[in-house]
Structure formats: C-alpha cells, structure tokens
Amino acid sequence: MREIVLDTETTGLSVQDDTIVQLGAVRILNGRLVGGETFDTFVHPGRPIPPASTRIHRVTDADVSGAPDVATAGRAFHHFARDAVLVAHNAPFDMAFLRRKEKTIGLRFENPVADTVAV
C-alpha cells in the first residue's frame, strides 16, 4: 500500500479565509518510509502571514517571499501524491485547504484519506 503522510501550515485556522504557507509530505510503502521520497515547499499566500500564526509554525513572510503560489505548489503535490492514500493528523483540516483550492490548482484531490485522529 502506498501512503503519503502530509502536513500543512497555514495563515490561520479558518478554512474559508486562510491559506497554506507550507506543505510537507513523505512517502510510505508497505509501512516503511521511502528514502528520498519527500515533498516540502513553502507556499506564497499572497498576503502577509499573521504574527500569531508565525509564532506557532515559525513560517515567516521572508520564508515564503520567493515561494510558489498555491496553484503551482498544489499541482506539484498532486503529482507527488498520485495513486496514494493521503494520511494526516486531523486530515479534514489539511484536506479542506487543498480541496478549497482545487479550481485554482486545476486538479481534484480524490485520493482516499486516512485521519490519525480517528485511530
């Protein structure tokens, strides 16, 4: 079984108003981490990152200044995650940010999703 364990950092907690500033993932195959198979990118949110959010995740405006936008980063992540189960802690949160941007990205995240909160 192929799995992609992912995590997002965002400008805040509102799925409607906030956006991704960092997206990271690793590939797992048959329960083992696949060496060198990682995805990690800052994402330019198109606006300043609130200081309260930076205090939590430590992602700064300087970190994202030259980063790809969500459409570019989302397409790259979609390719990385193709044909895999997406796994995240509180997966509905992470997936909501990705799915809200599907039109912008031009692709749908139809992967099966597993949530470690439910485990």
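Preceding this section is the structure that the text describes.
What this report covers is the structure whose coordinates are included nearby. (Residues numbered from 1 in each chain as written. Predicted model: local features only at pLDDT ≥ 70, side-chain atom pairs only at ≥ 80, totals over all residues. Heavy atoms only, no water.)

**Focus: the pattern of salt bridges**
Link 1 in the chain: Here the structure, examined in full by the defined rule, presents three salt bridges.
Link 2 in the chain: Here R47 makes a salt bridge to D18, at a shortest N to O gap of 3.3 Å. One end of the pair, R47, is in the loop between β3 (32–42) and α1 (51–57); the other, D18, is in the loop between β1 (2–10) and β2 (20–29), with 29 residues separating them in the sequence.
Link 3 in the chain: Owing to a relative accessible area of 12%, D18 belongs among the buried residues under this scheme. (Salt bridge = Lys/Arg side-chain N within 4 Å of Asp/Glu carboxyl O. Helix = DSSP H or I, 4+ residues; strand = E, 2+ residues; numbered from the N terminus. Buried < 20%, exposed > 50% of the residue type's maximum accessible area, 1.4 Å probe, protein only.)

**Topic: the side chain of T11**
Link 1 in the chain: Inspection of the secondary structure puts T11 in the loop between β1 and β2.
Link 2 in the chain: Residue classification places T11 among the buried positions, given a relative accessible area of 2%.

**Focus on unusual backbone geometry**
Link 1 in the chain: Residues other than glycine seldom take positive phi values, yet R58 does so here, at roughly 65°.
Link 2 in the chain: For R58, the position within the fold is in the loop between α1 and α2 (61–64).
Link 3 in the chain: Owing to a relative accessible area of 65%, R58 belongs among the exposed residues under this scheme.
Link 4 in the chain: Positive phi, close to 65°, is recorded for N90, a residue that is not glycine.
Link 5 in the chain: The partly exposed category is assigned to N90, whose relative accessible area is 36%.

**Here we look at the packing of aromatic side chains**
Link 1 in the chain: Tallying each qualifying case throughout the model produces four aromatic pairs.
Link 2 in the chain: Between F39 and F80, the ring centres sit 5.7 Å apart and the planes meet at 35°, which makes this aromatic pair tilted. In this pair, F39 is assigned in strand β3 and F80 in helix α3 (residues 70–80), connecting sequence segments 41 residues apart. Across this residue pair, the class does not change: F39 and F80 are buried.
Link 3 in the chain: Between F93 and F97, the aromatic rings sit 4.8 Å apart at their centres with planes inclined by 65°, giving edge-to-face as the arrangement. Here the residue F93 and the residue F97 both occupy positions in helix α4 (residues 91–100), the gap between them amounting to four residues, near one helical turn.
Link 4 in the chain: An aromatic cluster is present here, built from F39, F77, F80 and F109 joined pairwise through their rings. (Phe/Tyr/Trp six-rings, centres within 6.5 Å; stacked < 30°, edge-to-face > 60°.)

By themselves, these are just geometric observations and shouldn't be taken as functional.
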